[in-house]
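Here are the chains, one letter per residue:
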Amino acid sequence: MKIFHSIQDFSATKKTILTLGTFDGVHFGHKKILERVLQNTEIDKYESLVLTFFPHPRIVLQEKSNIKLLNTMSEKISLLEQTGIQNLIIHPFDESFSRLTAEEFVSSVLVDQLHIHKIIIGHDHRFGRNRTANIDDLICFGNQYGFEVEQISVQEINEISVSSTKIRKALSEGNMTLANNYLGYDYFLTGTVFKGKQLGRTIGFPTANLKIKEDYKLIPKNGVYIVKSTIEQETVYGMMNIGFNPTVDGENLSIEIHYFNFDSDLYDQEITVSILQYIRPEQKFDSVDLLKVQLEKDKKFALAYMNALR
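Residues numbered from 1 in each chain as written. Predicted model: local features only at pLDDT ≥ 70, side-chain atom pairs only at ≥ 80, totals over all residues. Heavy atoms only, no water.

*Asks:* Teacher, can you tell me more about the packing of helix α5 (residues 102–113) against helix α6 (residues 135–145) here?
*Replies:* Between two packed helices, both the angle of their axes relative to each other and the distance between the axes serve to describe the pair. Interhelical geometry of α5 versus α6 gives an angle of 50 degrees and a closest axis separation of 11 Å. The angle between α5 and α6 places the two elements in the oblique class. For the pair α5 and α6, the sense of crossing is right-handed. Facing α5, whose interface residues are A102, E103, V106, S107 and V111, α6 presents L138, F141, Q144 and Y145. Here the residues of the contact of α5 with α6 sort into six nonpolar, two polar and one charged. (Axes fitted to C-alpha atoms, helices over the stretch in contact; angles between N-to-C directions. Helix = DSSP H or I, 4+ residues; strand = E, 2+ residues; numbered from the N terminus. Parallel < 35°, antiparallel > 145°, perpendicular 65-115°, else oblique. Left-handed = near helix turned anticlockwise from the far one by under 90°. Contact = heavy atoms within 4.5 Å. Nonpolar A, V, L, I, M, F, W, Y, C, P; charged D, E, K, R; others polar.)

Below you can see the structure in the form of structure tokens.
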């Protein structure tokens, strides 16, 4: 997949089949649209193109927006690459770009820059300044400028009834089964392992402390989870705590993973942690010994879950 960091950087050798949006999560609903794009580019004279934006438009346009996103940009690139899309434009979204009228966007961006043959969009797509234009306007522009418009119907999308908002809600409730079903893959966190206080090591539960540099990444509900990672080409299972470590009077949110049957040095390595199942909320214990007893129970539960998966 070729990646371009602005619309101006893109140059097409063929007419394009385009879809556009934020694609946060690259979930089942998005994949329905992306599959249609790919079906249309089976004919060699067209190439597939996804136009997305960074930062997220809501972060730019809504002063008090505290939206958290399902993917960092590098995660989104990886997920889109897996679909087989040929070209990805990540265009900087700013107030100037948001002020383009619908016709300016169509004529100067879609037609002049992106050379579209066809645009494929979801049923609720709106565009242009203040998002005032809709699918009917786009069809009129298509007739005027000579490109096709295909809409994914509400019925098709409702068959799987997916939205990034629903997934965010499920994650905020610790409902990993629902979130992962909507996504079509296990929700994951990507970060760098750093050296913590090493308290877990003293009670037989050494942990990898994960630092995620992107502050807009959505972290699921605080609590204990069953997780897995691929490390040195091996799948390693474990359990993860998200929270403040109240038993030892922790002050900052931490993400700590204890891997089963694994003892390699991960410091300064970037790892990806896929979250499989929520076990329980974080809680404060009267002593570290009682915490250790609970961790043994959590591990037993996690191992039983893994055996059931196999």
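Next comes the rest of the write-up.
*Asks:* Would you take a moment to explain the side chain of N71 for this structure?
*Replies:* One can find N71 in the loop between α2 (57–61) and α3 (73–83). For N71, the side chain forms a polar contact with the main-chain nitrogen of G25, separated by 2.7 Å. Here N71 is in contact with F23, D24, G25, V26, K76, L79, Y185, Y216 and K217, once residues within four sequence places are set aside. (Polar contact = N/O pair within 3.5 Å; in protein donor to acceptor, adjacent residues only side chain to side chain.)

*Asks:* In this structure, what is going on with the pairing of strand β10 (residues 234–243)? I would like to understand it.
*Replies:* Where a strand is regular, its side chains alternate between the two sheet faces. For β10, the buried fraction is high: seven of the 10 residues fall into the buried class. For strand β9 (residues 223–231) and β10, the ladder comprises nine bridges, and the chain directions are antiparallel. Its bridge partner being in β10, V227 is matched across the sheet by G238. If you look at the hairpin formed by β9 and β10, you'll find two residues sitting between the two strands, and E232 has a positive phi there, around 55 degrees. For β10 and strand β11 (residues 254–259), the ladder comprises six bridges, and the chain directions are antiparallel. Residue pairing for β11: M240 is matched across the bridge by I257. (Buried < 20%, exposed > 50% of the residue type's maximum accessible area, 1.4 Å probe, protein only. Pairing = 2+ DSSP bridges.)

*Asks:* Any chance you could explain the sheet that holds strand β1 (residues 2–4) here in plain terms?
*Replies:* The strands making up a sheet associate through backbone hydrogen bonding, with each pair oriented either parallel or antiparallel. Across the sheet, six strands lie side by side as β1-β4-β3-β2-β5-β6; this open sheet has parallel pairing. This sheet does not close on itself; its edge strands, each paired only once, are β1 and β6 (148–151). The mean inter-strand angle of the sheet, taken between neighbouring strand axes irrespective of direction, is 20 degrees. Taken together, the six bridges between strand β3 (residues 46–54) and strand β4 (residues 87–92) define a ladder with parallel strand orientation. Within β4, the residue paired with V50 across the bridge is L88.

*Asks:* I'm lost on α5 in this one. Help?
*Replies:* Since the α-helix packs 3.6 residues into each turn, any two residues three or four apart lie on the same face. Within the sequence span of α5, burial applies to A102, F105, V106, S107, V109 and L110. Tucked inside the fold, the buried residues of α5 contact β2 (15–20), β3, α4 (95–98), β5 (116–121) and α6.

*Asks:* What am I meant to see in the nonpolar core here?
*Replies:* Soluble, globular proteins show a tendency: their nonpolar side chains are buried together. Counting 52 residues, the largest nonpolar core has Y187 and M240 as the members making the most contacts within it. The residues touching Y187, leaving out its near neighbours within four places in the chain, are L69, L70, L171, M176, N180, K217, L218, P220, V273, S274 and I275. Among the nonpolar cores identified, the runner-up in size contains 26 residues, and F53, I89, A102 and F127 belong to it. (Core = buried A, V, L, I, M, F, W, Y, C linked by side-chain atoms within 4.5 Å.)

*Asks:* Would you take a moment to explain the environment of T235 for this structure?
*Replies:* You can see T235 is positioned in strand β10. T235 gets classed as partly exposed once you look at its relative accessible area, which sits at 48%. Residues T235 and K211, 24 residues apart in the sequence, show an inter-C-alpha distance of 21 Å. Leave out the neighbours within four places in its chain, and T235 touches K228, S229 and T230.

*Asks:* What's the story with a nonpolar patch on the surface in this structure? I'm lost.
*Replies:* A surface patch of nonpolar side chains, amounting to about 210 Å² of accessible area, comprises L199, V248 and V288. Within the element layout of this structure, V288 appears in helix α11 (residues 288–309). Among the residues examined, V288 registers a relative accessible area of 37% and is labelled partly exposed. (Patch = residues over 30% accessible without salt bridge, like charges linked within 9 Å, V, L, I, M, F, W, Y side chains within 5 Å. Areas by Shrake-Rupley, 256 points an atom, 1.4 Å probe, with all protein chains shown as cover. Salt bridge = Lys/Arg side-chain N within 4 Å of Asp/Glu carboxyl O.)

*Asks:* How do you make sense of the pattern of salt bridges when you look at a structure like this?
*Replies:* It is possible for side chains bearing opposite charge to pair when their charged atoms get close. With the rule as written, the count across this model stands at eight salt bridges. With a shortest N-O distance of 3.8 Å, R99 and E95 are connected by a salt bridge. For R99, a relative accessible area of 46% gives the class partly exposed. A salt bridge links K169 to E173; its shortest N-O distance comes to 2.6 Å. Each of R36, K118, E148 and E150 takes part in salt bridges that share partners, so that together they form one network.

Read these as layout, nothing more, since geometry by itself doesn't imply function.
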